[in-house]
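# Structural overview
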Amino acid sequence: MSVEGQVLTTNVNDRQWVCTICGYNMVGEMPDVCPFCGARHDIFVTWNKAEQTYRVTPNKVNDYVTQLISVPRLGIEHAAYRIETDDGAAVWIDCPSAFNRDLEPVETIYFTHKDFMGASNQYRQLWGAKVYLHINDSEHPLVQQFPVDNKIYGDFSEHGIEGFYIGGHTPGFMIYVYQKVLFICDYVFPPGSNMQFNPFGPKDKTRKRASRILDIVSEKSLETVCGYNFVTDFDSWYKDFKHLLHG
């Protein structure tokens, strides 16, 4: 397994802020603008205010995957996904922006990339969950506020979940496959004929590295695709993805 353990610690306190435009969590002194989307500080809320306002709500995808999304929507809402693995482990792919302490605990949080760290520092402290992020994204300045327990260096498999290093949209972008489900996050969106590559980041690298995604999924028997704000069937997604890549 191409990961290396490195435990960092942080103390969660009242000095954590959530941007209501994009959902980004900021730890420490409140900045003048959101370091992720640039919104002004007057639309930030404290993490405990966010916990009171936004409920991270489960929506069943299938017998072993549940989508987690805030109600009401928290800015540019991104979903996280809970997987109940065959070996009895409960894990997340990505992390909700809002902290809700009454959620069912997980033991591991696997990130697709650095943009969706959410309230992972708080869930990690509450449950002792281990956080996984690719080495190339873990070195980004915005990630330094968040503890990372295991830095990923390449493809790996754990609890039956396969992680594949892609890069492209961000230097450390990962996709995940569990049984018949592909977790693609926001590498491409939306599903359907209007699908496009994520426009943020290096466009040429994003398109080039997408060919590895095609190679990986072409060898899998998949039924469902879970994205950052959508769930769709694999066959139609695959058709549109091939058209986007080769069209």
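To keep things clear, this report deals only with the structure shown in the data block.

Rules used throughout
- Residues numbered from 1 in each chain as written.
- Predicted model: local features only at pLDDT ≥ 70, side-chain atom pairs only at ≥ 80, totals over all residues.
- Heavy atoms only, no water.
- Helix = DSSP H or I, 4+ residues; strand = E, 2+ residues; numbered from the N terminus.
- Rg over C-alpha atoms; globule rule 2.2 N^0.38 Å.
- Buried < 20%, exposed > 50% of the residue type's maximum accessible area, 1.4 Å probe, protein only.
- Contact = heavy atoms within 4.5 Å.
- Areas by Shrake-Rupley, 256 points an atom, 1.4 Å probe, with all protein chains shown as cover.
- Phe/Tyr/Trp six-rings, centres within 6.5 Å; stacked < 30°, edge-to-face > 60°.
- Pairing = 2+ DSSP bridges.
- Core = buried A, V, L, I, M, F, W, Y, C linked by side-chain atoms within 4.5 Å.

What follows deals with the overall build of the protein. Across its full length, the protein carries five helices and 19 strands. At 17 Å, the protein has a C-alpha radius of gyration in line with the 18 Å of a compact globule built from 247 residues. Along the first, second and third principal axes, the C-alpha atoms of the protein reach 45 × 40 × 30 Å. Going through the 247 residues of the protein one by one, you find that 55% of them count as buried. In the protein, of all internal contacts separated by at least 6 residues, the share reaching a separation of at least 24 is 51%. Approximately 11000 Å² of the protein is accessible, and the part contributed by carbon and sulfur atoms is 49%.

Turning our attention to the packing of aromatic side chains. If you walk through the whole model with that rule in mind, you get 20 aromatic pairs. When the ring of Phe-173 is compared with that of Tyr-187, the centres are 5.0 Å apart and the planes differ by 70°; the resulting orientation is edge-to-face. Here Phe-173, found in the loop between strand S13 (161–165) and strand S14 (174–178), pairs with Tyr-187, found in the loop between strand S15 (181–185) and strand S16 (188–189); they are 14 residues apart in sequence, far enough to count as distant. Tyr-187 shares its class with Phe-173; the two are buried. Geometrically, the ring pair formed by Trp-237 and Phe-241 is stacked, given 4.8 Å between the ring centres and 10° between the ring planes. Taken together, the positions of Trp-237 and Phe-241, both in helix H5 (residues 234–246) and four residues apart, correspond to about one turn of that helix. For Phe-241, a relative accessible area of 0% translates into the label buried. The rings of Trp-47, Trp-92, Phe-99, Tyr-123 and Trp-127 are connected pair by pair, giving a single aromatic cluster.

Moving on, we get to unusual backbone geometry. A cis amide bond links Val-71 with the next residue in sequence, Pro-72, at an omega value of -5°. When you line up the elements, Pro-72 lands in the loop between strand S6 (65–71) and strand S7 (80–84). Geometrically, the link from Phe-189 to Pro-190 is a cis peptide bond, its omega value of -15° lying close to zero. Even without a glycine there, the phi angle at His-159 is positive, about 55°. Mapped onto the fold, His-159 is located in the loop between strand S12 (156–158) and S13. According to the relative accessible area criterion, His-159 is partly exposed, its value standing at 22%. Phi is positive for Gln-179, close to 50°, though the residue is something other than glycine.

This next bit is on the pairing of S7. For S7, the tally of buried residues reaches four of five residues, placing the bulk of the element in the interior. Alignment of S6 against S7, held across four bridges, turns out to be antiparallel. Residue Gln-67 lies in a different strand from S7, and its bridge partner there is Tyr-81. Where S7 lies against strand S8 (residues 90–93), four bridges are found, and the strand directions are antiparallel. Across the sheet, Ile-83 pairs through a bridge with Val-91, a residue of S8.

One finds Cys-19, Cys-34, Trp-92, Ile-109, Phe-111 and Tyr-123 to be the most contacted residues of the largest nonpolar core, which totals 35 residues. Secondary-structure elements contributing two or more residues to this core are strand S2 (16–19), helix H1 (47–53), S8, helix H2 (120–127) and strand S10 (130–134). The greatest single-element share of this core, amounting to three residues, is contributed by S2. Cys-34 has contacts with Cys-19, Cys-22, Tyr-24, Met-26, Ala-39 and Phe-44, leaving out every residue within four places of it along the chain. Of all hydrophobic cores here, the second largest spans 29 residues; its members include Phe-164, Phe-189, Val-217 and Leu-245.

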